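These are the residues of each chain, in order.
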Amino acid sequence: MAFMNFASDNTSGAAPEILEAVLRANEGYAPSYGADDLTAAVETKFQDIFETDLTAHLVATGTAGNALSLACAVPPYGAVIAHEAAHITYDECNGTEFFMDGAKVSGLPGPHGKLLPDDIDRVLRKYGRGIVHRAQPAALSVAQATEAGTVYSQDELSALSDVCRRHDIAFHMDGARIANAVAQLGRSPAELTWRAGVDMMVFGATKNGALGVEAVIFFKKDLANTFEFRRKRGGHLVSKGRFLAAQMLAYLENDLWLRLAHQANEMAQRLARGLSMIEGVEICHPVDANLVFAVLTPGMHQALGAAGAQYFPWVVPGDIANGKMIRLVTNFKTTPQDVDGFLSVTRGAVDG
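Residues numbered from 1 in each chain as written. Predicted model: local features only at pLDDT ≥ 70, side-chain atom pairs only at ≥ 80, totals over all residues. Heavy atoms only, no water.

### Focus on the overall build of the protein chain
Our working rule: Helix numbers and strand numbers start at the N terminus; a helix is a DSSP run of H or I with at least 4 residues, a strand a run of E with at least 2. A radius of gyration in this sense is built from C-alpha atoms; the matching globule rule multiplies 2.2 Å by the number of residues raised to 0.38. Buried, partly exposed and exposed residues are distinguished by accessible area as a fraction of the type maximum, computed with a 1.4 Å probe on protein chains only: under 20%, between the cut-offs, and over 50%, respectively. For this analysis, residues touch if any pair of their heavy atoms sits within 4.5 Å. The method behind every accessible area is Shrake-Rupley, applied with a 1.4 Å probe, and residues are considered shielded solely by the protein chains displayed. In this count, Lys and Arg are taken as positive residues and Asp and Glu as negative ones, while His and the chain termini are left out. The atom standing in for a charge is NZ when the residue is Lys, CZ when it is Arg, CG when it is Asp and CD when it is Glu.
If you tally the helices and strands in the protein chain, you get 13 helices and 11 strands. Here the C-alpha radius of gyration of the protein chain, 21 Å, is about what a compact globule of 352 residues would show, namely 20 Å. When its C-alpha atoms are laid out on the principal axes, the protein chain stretches across 60 × 60 × 30 Å. Taken across its 352 residues, the protein chain has 55% of its residues classed as buried. Considering only residue pairs separated by 6 or more positions, the protein chain has 76% of its internal contacts joining residues 24 or more positions apart. Total accessible area on the protein chain is roughly 15,100 Å²; 52% of this is exposed by carbon and sulfur atoms. The average position of the 30 basic charges and that of the 39 acidic charges among the side chains of the protein chain differ by 4 Å.

As C-alpha cells, this is what we get:
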C-alpha cells in the first residue's frame with residue numbers, strides 16, 4: 001500500500017529502536033532534571049562523534065534549541081543574520097527574539113536557501129559597529145540542511161566562518177536536518193561543524209525518528225555559561241530528563257541517525273528523478289537532503305488530491321515559483337512504493 005504522505009518529516013512515527021530505548025529507561029528509578037546516567041552518557045557520546053571536547057544539553061524542540069542557544073551569544077541590543085526563509089526568521093513566531101530579550105533576527109536573501117559570504121560581509125560592514133543608534137551584529141545562523149533542501153559543503157561553511165571571524169561574531173547552526181546533510185555529503189560530523197568554524201549548533205533528532213528531542217551543542221564552551229539557567233527559565237529543563245537522553249542515545253547508537261537519514265535522502269532522490277521525467281513538472285531547488293520542491297500542473301494536483309496524497313504549498317520569502325511551488329518531504333519511513341505511487345498518479349494526470 002502506498003501512503004503518499006509527503007507533508008512533513010514530523011508526520012512520521014518514531015523509530016522502533018528509539019521506542020525500545022524509552023521503554024528500557026522506564027524501568028526503576030533515576031535522578032531527575034538531567035542528573036541521571038543516561039544524560040551524562042549523551043555528552044560523552046557526542047564528544048566521540050564530533051571528535052572534540054564540547055558541552056551538550058537536551059531540549060524537547062528545535063525552536064527552544066535555536067532560541068536558547070542564540071540567546072547565549074546575542075545581547076538584547078544585538079542582531080542575528082540568517083536567511084530570509086530560515087526557520088528562526090520565518091517559522092518560530094519571534095521565539096528567538098523573545099528569548100534574546102529583544103535582539104533582532106535579520107533575514108537576507110540567498111540562492112536556494114543559502115547565504116553567500118560576500119553578501120554577509122557587505123551587510124555586516126553596513127551595520128555600524130559601535131554606533132549607539134544601531135543594533136550590533138552578534139551572530140550568523142545557517143540551517144543545515146537549508147529550508148530549500150540544499151546543504152552547505154565544508155568549504156562553504158568555512159567561508160562563512162571566515163566572515164564571522166573577521167567581524168567577531170558567533171557562528172550558529174540550526175541542525176534540525178543535520179543527519180540528512182551528513183549522510184548526503186559523506187563527511188564527518190566534525191568536518192561539517194567545528195572544523196569548519198561552527199561555534200554552536202542544534203543537533204536535531206525529532207524529524208528523523210525520535211519522539212521529541214534535540215541537543216544544543218557548544219563547541220566554543222564559554223558560550224554555554226548561561227545556557228542551563230536560560231533553559232530552566234525558558235521551561236525546557238525536563239524533570240524526567242532520562243527519557244530525552246534515552247531517545248538521543250538510541251538515535252546515535254550504531255549510526256542509526258545516519259541510516260535513517262540515508263533512507264529519507266534516497267527516497268527524495270527517487271522522487272525527484274521521477275518527477276523530473278514527467279512533462280509539465282518543474283523541480284525548483286537542487287535536491288540534496290529529504291526535501292523536494294516542485295511545480296505541478298492543476299490537473300496533477302487534482303488527481304493527487306483525489307488519490308489521498310498529502311503535501312503542502314510552499315510560499316516563503318524569495319519564492320522563485322511565484323506561489324506555485326509545493327514541498328514534498330520524505331522521511332525514514334518513506335518506501336519506494338510510496339514514491340512510485342505518487343509518481344504514477346502524477347504521470348496519469350499527464351496522460352489524461
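### Notes on the sheet that holds strand β3 (residues 104-108)
The condition is simple: Two strands form a pair only when DSSP identifies at least two bridges running between them. To obtain each axis, a line is fitted to C-alpha atoms, and for helices this fit is confined to the stretch in contact; angles are then taken between N-to-C directions over 0 to 180 degrees.
Here we have seven strands laid out as an open sheet, ordered β1-β7-β6-β5-β4-β2-β3, and mixed in their pairing. Since the sheet does not close on itself, it has two edges, and those belong to β1 (55-59) and β3, each with one partner. Adjacent strand axes in the sheet meet at a mean angle of 25°, parallel and antiparallel pairs treated alike. The pairing of strand β2 (residues 78-83) with strand β4 (residues 136-143) spans four bridges and is classified as parallel. The residue of β4 that forms the bridge with G78 is Q136. Packed on one face of the sheet, helix α2 (residues 37-50) meets β1, β6 (200-204) and β7 (214-218) and runs near 125° to β1. Along the sheet, helix α6 (residues 117-126) makes contact with β2, β3 and β4, crossing β2 at roughly 155°.

### Some words on the sheet that holds strand β11 (residues 325-329)
Pairing in this open sheet of four strands is antiparallel, and the strands run β8-β9-β11-β10 from one edge to the other. Looking along the sheet, the strands with just one partner apiece sit at the ends: β8 (282-283) and β10 (312-313). Summarising the sheet, β8 and strand β9 (residues 291-295) pair through two bridges and their orientation is antiparallel. Across the sheet, residue E282 finds its bridge partner in β9, namely V295. Seen against the sheet, helix α11 (residues 256-276) touches β8, β9 and β11 and runs at an angle of roughly 15° to β9.

### Describing the packing of aromatic side chains
Stated formally: Each aromatic pair joins two rings of Phe, Tyr and Trp (for Trp, the six-membered one) with centres within 6.5 Å, and gets the label stacked for planes under 30 degrees apart, edge-to-face for over 60, and tilted for any other angle. Cation placement over rings: the criterion is NZ of Lys or CZ of Arg within 6 Å of the ring centroid and within 35° of the ring normal.
On inspection of all chains with the given rule, the structure shows 11 aromatic pairs. Ring geometry for F218 against F227: centres 5.7 Å apart, planes inclined by 65°, an arrangement best described as edge-to-face. Pair check on accessibility: F218 and F227 agree, each one buried. Where F293 meets W314, the ring centres are 6.3 Å apart and the plane angle is 55°; that geometry is what we call tilted. Separated by 21 residues along the polypeptide, F293 in strand β9 and W314 in the loop between β10 and β11 bring together distant segments of the chain. Assessed through its relative accessible area of 2%, F293 is described here as buried. By relative accessible area, W314 is classed as buried at 16%. Counting every residue linked through ring pairs, the aromatic cluster contains F46, F50, F203, F219, Y251 and W257. Sitting over the face of the ring of Y152, K114 holds its NZ or CZ atom 5.7 Å from the ring centroid. The residue whose ring lies beneath R327 is W314, and the NZ or CZ to ring-centre distance is 4.0 Å.

### A look at the side chain of E84
Under the convention used in this document: The salt bridge definition used is simple: a Lys or Arg side-chain nitrogen within 4 Å of an Asp or Glu carboxyl oxygen. Counting of polar contacts relies on pairs of N or O atoms within 3.5 Å, with two restrictions inside protein: one atom must be capable of donating a hydrogen and the other of accepting it, and residues adjacent in sequence are counted only when both atoms are side-chain atoms.
Structurally, E84 can be placed in the loop between β2 and α4 (87-90). At 13 Å, R122 is the nearest oppositely charged side chain to E84, a buried residue that forms no salt bridge. Only 3.5 Å separates the side chain of E84 from the backbone nitrogen of G318, close enough to count as a polar contact. Not counting residues within four places of it along the chain, the set of residues in contact with E84 comprises T89, Y90, G107, L108, P109, P317 and G318.

That is the geometry; function is a separate question.
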